[in-house]
Amino acid sequence: MNIVVCCKSVPGLVTNLDVSTDGKSLQYQGQLLAINECDEYALEEALVLKKAHGGQITALSMGGIKSQDVLYYALAKGADKAVRVDCESQDPQVASKVLAATLTQLEFDLVLTGTQARDTLGGQVGIGAASRLGLPFAYAVVAVDVQDGKTITVRKELGGGRHADVELSLPALLCIQTGIQPLTFVPPARRIRARQQPVRSYSLADLGVPDDDLVPQGYRIVAVKPPERAHQVELLQGNAQDIAAALLTRIQESL
Amino acid sequence: MARDIVVLVEHAEGKVDSVTLQLLTAGRALATAFKTQLIALAVGHRLESVSAAIQGHGMDRIVIVDHPSLALAAGEVQAQAIAQAARRIDPRFLLIGYSLIGMELTPAVATLLGINALTNCVNLEIRDGAVTVTRPVFDSTQHAHVALDENERAVIALQKGSFAPIESSSTQAVVESVAIDIANIPARSKVLAIIEAPSGGVDITKAEIVVSVGRGIGTAEKIPLIAELAEALGGVLACSRPVVDVGWLPRERQVGASGRTVTPKIYIACGISGAIQHLIGMREAHRIIAINKDADAPIFGVAHLGVVGDLFEIVPALTKAAKEAKAG
């Protein structure tokens, strides 16, 4: 079974955040770039499926040259090939169009990705691409069971502790939830060795995505700022003993 | 004629999810502002009880798409059915609840309709005729405010709790059925079974005091520290998703969108940053106490009482005080 894992490079620390002049994206300085958490779980699931059923794993990331690091990380974890698409759009429509165009260039039975990226928190790109390609999909998948070469059964979350078991014919796209497999540790030596491996890169021209498709349409980001708080939180101060005593009093009053 | 506003009814086993009445509040405001109709769209099978439950809740029309194969349809099939119905209505906005079900359907429906989807929205406002939504970004530490262009159509997916439920009135909506072409919807995926939330074991939803632990605890070895506080206060131990994902506590203890929703008298969040998925499961608690070392953590946005500090100092001190109070 050949699997494409879509993994996004996301910043752990964001500074100088502002809206771009055209209002179509957020500008910021991102540091501590790393693989998006649920995408890493998608990669772990791919590794488990590969071990059981064979095939090749292609790690795919969309982003600038800095995002290449997550691909080396995926290779170090056990991905066979790496592909980067030179596209930094934050717009979900644009990103899903580009992802769909990229997937048509790759051979796969299954596409795995996470549920949402920690930066944009949109959760749209995976299923958007599946819909464009006419692939069946499932979101918030917590278990994958390969039936044969043609179908898989997955368990997905419905919320509130409920689940559904869904059968999908291949090829299909799954958005993987965190926790599906334990995360494995990658020794630093392997991460260094992985940097020797080639990364195939596609430009948007290579993919034949028309320029018109790359312009976000229909909205403008007017502001980005810390959330307004529902009410002012009362902060307790002092040493741990004083705080504990105050907390206990307030807890007893509330019961 | 202005395009209508459609609310997608979320339902399971004949029962309407509470998010639907919240979406109808937002939908009513949009319909009034744009002088158009509000339509509730229900897709599934045997929808009599669903239709009855929403009747009289601010909508002008209820549109039913009923077919046996929609009783237990996979996301792809549901999305196609919703998109077909939406094409008939041709609405300006389609409002969907950003539940786990809505998360799957929203991007698919928007793609099929060829319009934008704005997901994970926590607010929707109409200012000078422009619709603006608020959506969290960067681990919910920031909110982006996004204004839709004039006359722009969109699917808007709103988080549960973004609006109060709509009041019912005596005005009855017209109920109509819309037939769709189900035969041509590709059925490459099907639901085999629904697995209800397991009963038995610990029920964190029944406790008056919930002491909840998050990623900030750092290691599994420190969990007993929080368990001890829960015990000293006579409460139960719960947690946020990351703690379950790494296997430190079982799934039945998870609070949040994919876990349980709790409304205890007191909810103590220890080392929980407060991602929206967690807040959904606990923000209705009567008193929320947050202990976190990061003063900017979103949990302080819902907490009544907060401590910005080291939970490894505060929690043992509170446990000790609680034990002494009990003994004394």
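The coordinates are above.
Residues numbered from 1 in each chain as written. Chains lettered and ligands numbered in written order. Predicted model: local features only at pLDDT ≥ 70, side-chain atom pairs only at ≥ 80, totals over all residues.

Caption draft 1: The arrangement of the overall build of chain A in detail. Across its full length, chain A holds seven helices and 15 strands. Relative to its 255 residues, chain A shows a buried fraction of 47%. Partitioning the intrachain contacts of chain A with sequence separation of at least 6 by distance along the chain shows that 70% fall at a separation of at least 24. (Helix = DSSP H or I, 4+ residues; strand = E, 2+ residues; numbered from the N terminus. Buried ≥ 20, exposed ≤ 12 C-beta atoms within 10 Å, placed from the backbone. Contact = placed C-beta atoms within 7 Å.)

Caption draft 2: View of the environment of Leu41(B). All names here are of chain B. Relative to the assigned elements, Leu-41 resides in strand S4 (residues 38-44). Owing to 24 C-beta atoms within 10 Å, Leu-41 belongs among the buried residues under this scheme. On a C-alpha basis, the gap between Leu-41 and Val-307 in space is 45 Å, while along the polypeptide they are 266 residues apart.

Caption draft 3: Main features of the sheet that holds strand S10 (residues 142-148) of chain B. The strand order S14(A)-S10(B)-S9(B)-S8(B) describes an open sheet built from four strands, whose pairing is antiparallel. Whereas interior strands pair on both sides, the edge strands pair on one side only; in this sheet they are strand S14 (219-225) of chain A together with strand S8 (123-127) of chain B. Within this sheet the neighbouring strands show an average axis-to-axis angle of 25°, counted without direction. The pairing of S8(B) with strand S9 (residues 130-137) of chain B spans five bridges and is classified as antiparallel. Note on S9(B): the bridge partner recorded for Ile126(B) is Val131(B). (Pairing = 2+ DSSP bridges. Axes fitted to C-alpha atoms, helices over the stretch in contact; angles between N-to-C directions.)

Caption draft 4: Region of the structure containing unusual backbone geometry. Between Leu170(A) and the following residue, Pro171(A), the backbone shows a cis peptide bond with an omega angle of 0°. Structurally, Pro171(A) is set in the loop between strand S11 (162-169) and strand S12 (172-176). Look at Lys35(B): it is not a glycine, yet its phi comes out positive at around 50°. Looking at the secondary structure, you find Lys35(B) in the loop between helix H1 (18-33) and S4. In this structure, Arg46(B) takes a positive phi of about 55° despite not being glycine. As for its placement among the helices and strands, Arg46(B) is situated in the loop between S4 and helix H2 (48-54). Since 11 C-beta atoms lie within 10 Å of it, Arg46(B) is described here as exposed.

Caption draft 5: Highlighting the interface of chain B and chain A. Counting residues at the interface gives 76 residues for chain B, matched by 66 residues for chain A. Per element, the largest residue contribution to the side of chain B that touches chain A is eight residues, and it comes from helix H4 (residues 100-113) of chain B. Two strands pair when backbone bridges link them, and S14(A) and S10(B) are joined in this way by six bridges, in the antiparallel orientation. When the bridges of S10(B) are listed, Val224(A) appears paired with Ala144(B).

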